[in-house]
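So you can see what is in the structure, the chains are spelled out below.
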Amino acid sequence: MDNPLVSPDLGLIFWSAIAFLTLLFILGKFAWKPILGAVSEREEGIRSALASAEEAKREMENLQADNERILKEARVEREAMLKEARELKEKMISDAKEEAQAQAGKMIEQAQAAIESEKKSAMAELKNHVAGLSVEIAEKVVRGELSNKSKQLELVEEMLGEATLK
Amino acid sequence: MHSKTFKAFLTIFFLSFFATGFAGSKEPVEGDEPFDTNELIFHHITDSHGFHVAGDLTVPLPVILWTENGLVTFMSSEFHHDIEGKTIVERKGLKFVNLHEKIYQLNGGESAVNFDAELHPINAAKPLNFSITKNVFSMFLSMIVLLLVFLAAARSYKKSDSNMPSGIGRFMEPIIVFIRDEVAIPNIGEHHYKRFMPFLLTLFFFIWLNNIFGLIPFFPFSANLSGNIAFTMTLAVITFIITTFLGNKHYWGHIFWMPGVPVYMKLFLAPIEFLGIFIKPMALMIRLFANITAGHVIVLSLISLIFVLKSVWVAPVSVLFTVFISVIEVLVVAIQAYIFTLLSALYFGQALEEEH
């Protein structure tokens, strides 16, 4: 095994170990640590920025959804209010109409009743008047008839005749 | 339009380096002596004291030895590029020679190393060698580059208010995040992965950068560090140590007393699983070493074809194939660094796995 290729030389082992360990120490302390620190810090920054952007997006979406919901609700409410108002209006109109009709009916009824009672009293008065007149006329006629004897007889005759006819 | 010109320029640039860089660094072929491909390739993929740039220009590197007389240091140029063990350097009363890039300490009165039948030196000792070799030099260079790049990257985060990187940091961040998201988290799990990130990142970039350095065929790169078994062994051993110390009850239970199988299977599996503890890091070590070394060997072999066949007409074919292999190697070096890191993470994850 005296082949120089595969017989490791002590000096080179010594210097390799020294060189490697020195590099490991210096680079580890002054290069790898700050570089890896900076890289991971930056990556952390990017990650958190992305996360917060995502968060903001979600919030925005929530806000938009809220807005939409509120808008929808408002629209529904307005619709409901309008409907209610319309119904109220119609009800009021119909109520008024009914009342007016009822009022009118009542007035007509009263008027009819008044007319009826007026008519009745007028008829009664007229009857009384006509009865009086008839009595007066009959008095007058009887008076005239009874002034003449023949006429009195004639009348009796006639009346009797009538009576038999019946 | 500009990018096309640029690409063409890059291609030619690299081609010329492959052609001149490698060819220029060949040992001169003498007369009719057959060209020694083996030696050339070995010379390039093994370590050396002194960094050969081009032609006669070699950058000397310090030789650091621990001997019975204490620490001995001198520049590799003292050997005058001699690797045959002929030039003797005397320090602190001890004599040193460089024989095939191994430093031997000669016993008193000797002037050359002699070996016995089993190739053990009989009249020389091997002192502990902590020299800054070509590979160590390349490793230090990669350390400097890594520190510059990643400290600058870390600074660029601090400068911005929103933790955004700029410049080199912007380029490195996807790779770091890749290691975290594709290697650490899936294998180790969300709970524990943070502890291992520094290790995995350092491992990945250290291996990758040294792999890339090995691919660049000119000074001060071109060292075959990550294709050196000592280097891959060190890293594999670190992974092994961490895995072993992390291992929880569940992990060891799985190794020595596999749950859910009959007793005779438990007895049968225990030694296999136990060997597995050591085989896993060894596989890590050999995989990286073999892949990177193989890449270097292929490129060098293709270039050597020109000299083996002694025909300049082979050169275009060689260079074409070399470029092709190099492009594949660019992928391979990244994949090997990734696999080493991935498997390390996987082993840590296994050691930490809880009962499910």
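How each quantity is defined
Residues numbered from 1 in each chain as written. Chains lettered and ligands numbered in written order. Predicted model: local features only at pLDDT ≥ 70, side-chain atom pairs only at ≥ 80, totals over all residues. Heavy atoms only, no water. Helix = DSSP H or I, 4+ residues; strand = E, 2+ residues; numbered from the N terminus. Core = buried A, V, L, I, M, F, W, Y, C linked by side-chain atoms within 4.5 Å. Buried < 20%, exposed > 50% of the residue type's maximum accessible area, 1.4 Å probe, protein only. Domains from an automatic or database assignment. Contact = heavy atoms within 4.5 Å. Salt bridge = Lys/Arg side-chain N within 4 Å of Asp/Glu carboxyl O.

Visitor: Outline unusual backbone geometry, supporting the account with residue identities and numerical values.
Guide: All names here are of chain B. Of note, the bond from F219 into P220 is cis; its omega dihedral lies within 30 degrees of zero at 0°. Among the secondary structure elements, P220 is positioned in the loop between α5 (193–215) and α6 (229–246). For S222, which is not glycine, the phi dihedral falls at a positive 70°. Relative to the helices and strands, S222 resides in the loop between α5 and α6. Backbone geometry at K310 places phi at a positive 50°, although glycine is not the residue there. Among the structural elements, K310 can be located in the loop between α8 (263–309) and α9 (314–352).

Visitor: Account for the nonpolar core, naming residues and giving values.
Guide: By size, the foremost hydrophobic cluster in this structure holds 80 residues, and its most contacted members are M139, F150, I176, L200, F205 and F206 of chain B. Sort the elements by how many residues they give to this core and α5 of chain B lands first, with 13 residues. For this core, the two domains that each supply at least three residues are domain 1 (48–132) and domain 2 (135–352) of chain B. If near-sequence neighbours (up to four positions away) are discounted, F206 of chain B is found in contact with A19, F20 and L23 of chain A together with M139, S142, L146, F231 and L235 of chain B. Grouped together as the second largest cluster of nonpolar side chains are nine residues, L65, F74, F79 and I103 of chain B included.

Visitor: Describe the pattern of salt bridges, naming the residues involved and giving the relevant values.
Guide: Counted under the stated rule, the structure contains ten salt bridges over all chains. Note that R42 of chain A and E173 of chain B form a salt bridge whose closest N and O atoms lie 2.5 Å from each other. On the criterion of chain membership, the pair formed by R42 of chain A in helix α1 (residues 10–146) and E173 of chain B in helix α4 (residues 168–188) is interchain, its members lying in two chains. Each of the two residues, R42 of chain A as well as E173 of chain B, counts as buried. As a salt-bridge pair, E55 of chain A and R58 of chain A come within 3.2 Å of each other at their nearest N and O atoms. Of the two residues, E55 of chain A and R58 of chain A both sit in helix α1, three residues apart, roughly one turn of that helix. The class for E55 of chain A is partly exposed, based on a relative accessible area of 38%. For R58 of chain A, a relative accessible area of 41% gives the class partly exposed. Residues joined in a network through salt bridges with shared partners are E43 of chain A together with R180 and D181 of chain B.

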